Amino acid sequence: MSARVVSSAVVAGFLVAAASATAQEDIAVSFSGSATLVNDYTFRGISQTGEAPAVQAGISAAIGSVYLGTWGSSLDFGSVDADDRATAEVDLFGGVATSLGGAADIDLGVFYYLYPGGGFDGYDFVEFALGVSRGVGNVSAGVSAAYSPDFFGDSGSAIYLGGSLGLDIPTAPLSLSASLGRQSIDDNDAFGTPDYVDYSIGASLSTMGLSLGAAAVGTNLDESDCFGGDPLCKTRIVLSLGMEL
């Protein structure tokens with residue numbers, strides 16, 4: 001069964017579950033959306049735009065604990081994408097987010113990453129993710145795991161393990177965050193890098209529906225190990241300006 005069929009089946013299942021829940025009790029549907037401009041779009045520490053700016057937007061809906069949504073970004077793979085010019089990434093996602101009696105929050109979801117405009121079918125992939133988080137006062141912490149049976153570029157199975165910390169400053173609309181993760185890939189030659197560690201540390205300021213962020217983002221890969229000698233994996237400062245819709 002293809003990733004596209006798997007994703008469609010899962011999304012359909014979420015819709016059926018949501019409809020059933022709505023029929024049993026009066027559950028409100030909530031919507032959220034955002035639009036963001038970044039000076040560089042990075043995915044797990046690696047630039048997806050050749051270190052150039054990107055425009056991003058997303059929208060999601062929640063019915064009880066079930067959520068569905070889509071998110072997209074402009075991108076530029078440069079020489080890595082010389083023959084198949086994918087110019088955008090579109091993500092479809094759905095899942096269930098619930099709380100274990102206040103002890104922890106659990107999020108179980110599926111993500112389907114599509115790259116329209118690229119002629120190489122190996123770009124699109126599906127990923128199944130599990131996240132567990134806990135907040136105490138103005139501090140939050142979380143761990144996550146994601147598995148793809150056939151990762152980007154037909155590079156075989158892949159596992160991503162990550163952890164994050166967050167701190168809300170109580171006297172200002174300011175929050176600090178840090179994350180650390182490890183990406184392991186079955187066929188490193190097909191993907192273009194060895195297994196690697198990515199990291200980020202940053203801050204964001206939110207007011208009147210707008211958010212301004214800055215973060216140091218990167219990986220532990222040398223340039224020689226990054227797609228045959230590309231600077232896309234080095235540490236960089238990512239700036240963002242976002243708006244809630």
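It should be noted that the structure appears before, not after, this text.
Each chain has its residues counted from 1, running along the sequence as written. Note on the predicted model: pLDDT of at least 70 is required for a residue's local features to be given, and 80 or more for side-chain atom pairs to be given and counted; whole-chain, interface and lining totals, by contrast, use all residues. Hydrogens are left out, water is left out, and the side-chain values use all remaining heavy atoms of the structure.

K.L.:
So what exactly am I meant to see when it comes to the overall build of the chain here?
P.N.:
Only DSSP runs of H or I reaching four residues or more are called helices, and only runs of E reaching two or more are called strands; each is numbered from the N terminus. Counting its regular elements, the chain contains two helices and 14 strands. Areas reported here follow the Shrake-Rupley algorithm with a probe of radius 1.4 Å; residue values treat only the protein chains shown as occluding. For the chain, the computed accessible surface area is about 12,700 Å², with 63% contributed by carbon and sulfur atoms.

K.L.:
Could you clarify how one ought to interpret unusual backbone geometry in this entry?
P.N.:
A negative phi holds for most residues other than glycine; trans holds for most peptide bonds. For R44, which is not a glycine, the phi torsion comes out positive at approximately 50 degrees. The topology assignment puts R44 in the loop between β2 (42–43) and β3 (46–47). At E51, a position not held by glycine, the phi torsion is positive, near 65 degrees. By relative accessible area, which is 34% here, E51 ends up partly exposed. Relative accessible area decides the class of each residue, using a 1.4 Å probe on protein chains only: under 20% of the type maximum gives buried, over 50% gives exposed, and in between gives partly exposed.

K.L.:
Quick question: what am I supposed to make of the pattern of salt bridges here?
P.N.:
Any two side chains of opposite charge can pair if their charged atoms end up close together. A pair is scored as a salt bridge if a Lys or Arg side-chain nitrogen falls within 4 Å of a carboxyl oxygen belonging to Asp or Glu. The tally for this structure, following the rule as stated, stands at five salt bridges. Measuring nitrogen to oxygen at the nearest pair gives 3.2 Å for the salt bridge that ties R236 to D40. Note that R236 is positioned in strand β14 (residues 236–244) and D40 in the loop between β1 (29–38) and β2, a separation of 196 residues in sequence. The salt bridge involving K234 is made with E51; its shortest N-O contact spans 3.6 Å. Of this pair, K234 sits in the loop between β13 (210–219) and β14 while E51 sits in the loop between β3 and β4 (54–63); the two residues are 183 residues apart in sequence, bridging distant segments of the chain. Each of D40, E51, K234 and R236 takes part in one network of salt bridges that share partners.

K.L.:
Hey, could you run me through the side chain of Q48 in this one?
P.N.:
Among the secondary structure elements, Q48 is positioned in the loop between β3 and β4. Assessed through its relative accessible area of 10%, Q48 is described here as buried. In protein, a polar contact requires one atom able to donate a hydrogen and another able to accept it; more generally it is a pair of N or O atoms within 3.5 Å, and residues adjacent in sequence count only if both atoms are side-chain atoms. A distance of 3.0 Å separates the side chain of Q48 from the backbone oxygen of I46, its partner in a polar contact. Contacts between residues were defined by any pair of non-hydrogen atoms, one from each residue, lying within 4.5 Å. Apart from the residues lying within four places of it in its own chain, the contact partners of Q48 are D40, Y41, T42, F43, L75, D76 and F77.

K.L.:
How do you make sense of the packing of aromatic side chains when you look at a structure like this?
P.N.:
Each pair of aromatic rings taken from Phe, Tyr and Trp, with Trp reduced to its six-membered ring, is defined by centres within 6.5 Å and is described as stacked if the planes are under 30 degrees apart, edge-to-face if over 60, and tilted in the remaining cases. Evaluated as defined, the whole model comprises 16 aromatic pairs. Summarising the aromatic geometry, the rings of Y113 and F125 are spaced 4.4 Å apart at their centres and angled 15 degrees between planes, so their arrangement reads as stacked. One end of the pair, Y113, is in strand β7 (residues 105–114); the other, F125, is in strand β8 (residues 125–136), and 12 residues separate them in sequence.

K.L.:
Is there a simple way to think about a nonpolar patch on the surface in this case?
P.N.:
Together, L37, V55, V139, L167, L174, L176, L205, L212 and L241 make up a nonpolar patch on the protein surface, roughly 720 Å² of accessible area in all. Following the sequence through the fold, V55 ends up in strand β4. According to the relative accessible area criterion, V55 is exposed, its value standing at 55%. Nonpolar side chains (Val, Leu, Ile, Met, Phe, Trp, Tyr) within 5 Å and like charges within 9 Å form the patches, drawn only from residues with over 30% relative accessible area and no salt bridge.

K.L.:
What is the right way to read the environment of I59 from this model?
P.N.:
Positionally, I59 belongs in strand β4. For the pair I59 and G72, spaced 13 residues apart in sequence, the C-alpha to C-alpha distance is 9.5 Å. Those residues in contact with I59, other than ones at most four positions away along the chain, are S32, G33, L68, G69, T70 and F93.

K.L.:
So what exactly am I meant to see when it comes to the sheet that holds β8 here?
P.N.:
Two strands in a sheet stick together by hydrogen bonds in their backbones, pointing the same way (parallel) or opposite ways (antiparallel). Any two strands with at least two DSSP-identified bridges between them are counted as paired. Strand order in the closed barrel formed by 12 strands is β1-β4-β5-β6-β7-β8-β9-β10-β11-β12-β13-β14, with antiparallel pairing between adjacent strands. Taken pair by pair, the neighbouring strands of this sheet meet at an average axis angle of 20 degrees, ignoring direction. Here β13 runs beside β14; their pairing, made up of eight bridges, is antiparallel. Its bridge partner lying in β14, S211 is registered against G242. Think of each axis as a best-fit line through the C-alpha atoms, taken over the contacting stretch in the case of a helix, with angles from 0 to 180 degrees between the N-to-C directions.

That is the geometry; function is a separate question.
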